Amino acid sequence: GALFTVTVNCVDENWNKVSSPVPNPQVKVNTSDLYDTDPTAQYLSGGARSFNVTLVTAGSALLTAVDLASTYTQSVSPTITVNVNDPVKLQLIVPGEGAVAGTTTGKTGTASGQTAGTAFTATVNCVDANWNKVIAANPTVKINTNDIYDSEHTDAALSSGEGTFSVTPRTAGTLYVTAGDVALTYTSN
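Residues numbered from 1 in each chain as written. Predicted model: local features only at pLDDT ≥ 70, side-chain atom pairs only at ≥ 80, totals over all residues. Heavy atoms only, no water.

(A) The arrangement of the overall build of the chain in detail. When its secondary structure is counted, the chain shows zero helices and 17 strands. Dimensions of the chain, computed from the C-alpha atoms along their principal axes, are close to 80 × 30 × 20 Å. Burial statistics for the chain: of 189 residues in total, 37% are counted as buried. In the chain, 62% of the contacts between residues at least 6 apart in sequence involve partners at least 24 apart. Accessible surface computed for the chain: about 10,600 Å², of which carbon and sulfur atoms make up 51%. Positive and negative side-chain charges of the chain, numbering 8 and 15 respectively, have mean locations separated by a distance of 3 Å. (Helix = DSSP H or I, 4+ residues; strand = E, 2+ residues; numbered from the N terminus. Buried < 20%, exposed > 50% of the residue type's maximum accessible area, 1.4 Å probe, protein only. Contact = heavy atoms within 4.5 Å. Areas by Shrake-Rupley, 256 points an atom, 1.4 Å probe, with all protein chains shown as cover. Lys, Arg positive; Asp, Glu negative; His and termini not counted. Charge placed at Lys NZ, Arg CZ, Asp CG, Glu CD.)

Take a look at the structure:
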């Protein structure tokens with residue numbers, strides 16, 4: 001989620017920047033991050049151009065500079081380590097859903113129907129703004145539902161940024177489940 005700048009230079013076969021004649025191809029910088037927004041293509045100026053990049057998925061990434069006219073050979077960066085950012089919210093995952101860091105919603109799938117009187121597991125993750133799990137953040141979490149007849153849920157601290165909680169709805173109908181940070185440090189989705 002942190003912006004950084006990369007510079008693309010037009011170079012010869014020995015990696016010397018070419019200054020005369022000044023080549024100014026239109027270049028696109030692509031990233032291997034499936035969920036970020038790649039910078040728009042731009043023409044180099046004086047054989048160089050800086051591009052702003054913001055990677056959103058923790059892990060590793062590669063950047064590739066591509067000449068859109070295919071005159072010059074593309075260049076691929078070494079592997080870049082992308083660290084999680086500071087924790088800012090809780091992510092609640094129920095059956096039928098999966099966590100997907102870097103996406104707009106942080107989830108995939110749709111909550112599946114449950115049966116009154118039958119327990120199911122809800123997972124709570126402490127995440128950064130881009131839904132990357134922050135394993136060092138372990139707030140104490142409270143699970144709440146709109147079912148006035150379900151059992152009171154025990155508060156529990158997350159471990160390595162994650163926790164699982166048993167939920168047993170008692171009343172048929174639409175069930176709303178929320179995860180709250182007892183210390184009110186993080187918001188939930």
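Once you've had a look at it, read on.
(B) The arrangement of the nonpolar core in detail. Counting residues in each nonpolar core, the largest one holds 17 residues, and the members touching the most others are Leu90, Leu92, Val124, Val141, Ile143, Leu158 and Ala179. Put simply, the parts of the chain that give this core at least two residues each are strand 9 (89-93), strand 12 (120-127), strand 13 (140-145), strand 15 (162-167) and strand 16 (177-181). Among the elements that line this core, the one with the most residues is strand 12, at four residues. The contact partners of Leu158, leaving out residues within four places of it in the chain, are Leu90, Val124, Asn125, Cys126, Ala137, Asn138, Pro139, Val141, Gly163 and Phe165. Formed by 13 residues, the second largest nonpolar core is a distinct cluster that contains Val6, Val8, Val53 and Leu55. (Core = buried A, V, L, I, M, F, W, Y, C linked by side-chain atoms within 4.5 Å.)

(C) Local environment of the packing of aromatic side chains. According to the stated counting rule, one finds zero aromatic pairs in the structure shown. Geometry around Trp131 places Lys89 over its ring, the cationic atom sitting 3.7 Å from the centre. (Phe/Tyr/Trp six-rings, centres within 6.5 Å; stacked < 30°, edge-to-face > 60°. Lys NZ or Arg CZ within 6 Å of the ring centre and 35° of its normal.)

(D) How the structure looks around the layout of surface pockets. In this structure, the largest pocket spans a volume of roughly 550 Å³. Considering the residues around the largest pocket, the lining is formed by 25 residues, among which Val8, Asn9, Ala65, Thr73 and Ser75 are closest to the centre. Mapped by element, the contributors of at least two residues to the lining of the largest pocket are strand 1 (3-9), strand 2 (26-31), strand 6 (63-67) and strand 7 (75-76). Put simply, the second largest pocket is a space of about 340 Å³. If you trace the second largest pocket, you find 20 residues lining it, with Val94, Ala111, Ser112, Leu175 and Val177 closest to the centre. Looking at side-chain class alone, the lining of the second largest pocket contains eleven nonpolar, seven polar and two charged residues. (1 Å grid on protein atoms, 1.4 Å probe; cavity = no way out; pocket = protein on both sides within 12 Å on 5 of 7 lines; lining within 4 Å. Points joined across faces, edges and corners; volume = space filled by probe spheres on them. Nonpolar A, V, L, I, M, F, W, Y, C, P; charged D, E, K, R; others polar.)

(E) Spatial organisation of the pattern of salt bridges. Considering all chains together, one arrives at three salt bridges under this definition. The partner of Lys107 in a salt bridge is Glu97, with the nearest N and O atoms 3.4 Å apart. Within this pair, whereas Lys107 is found in strand 11 (residues 107-109), its partner Glu97 is found in strand 10 (residues 97-99), the two being separated by ten residues in sequence. For Lys107, a relative accessible area of 22% translates into the label partly exposed. Of the charged contacts in the structure, one is a salt bridge between Asp155 and Lys142, with a shortest N-O distance of 3.8 Å. One end of the pair, Asp155, is in the loop between strand 13 and strand 14 (156-157); the other, Lys142, is in strand 13, with 13 residues separating them in the sequence. A residue is classified by how much of its surface remains accessible, and Asp155, at 35% relative accessible area, is partly exposed. With relative accessibility at 18%, the residue Lys142 sits in the buried group. (Salt bridge = Lys/Arg side-chain N within 4 Å of Asp/Glu carboxyl O.)

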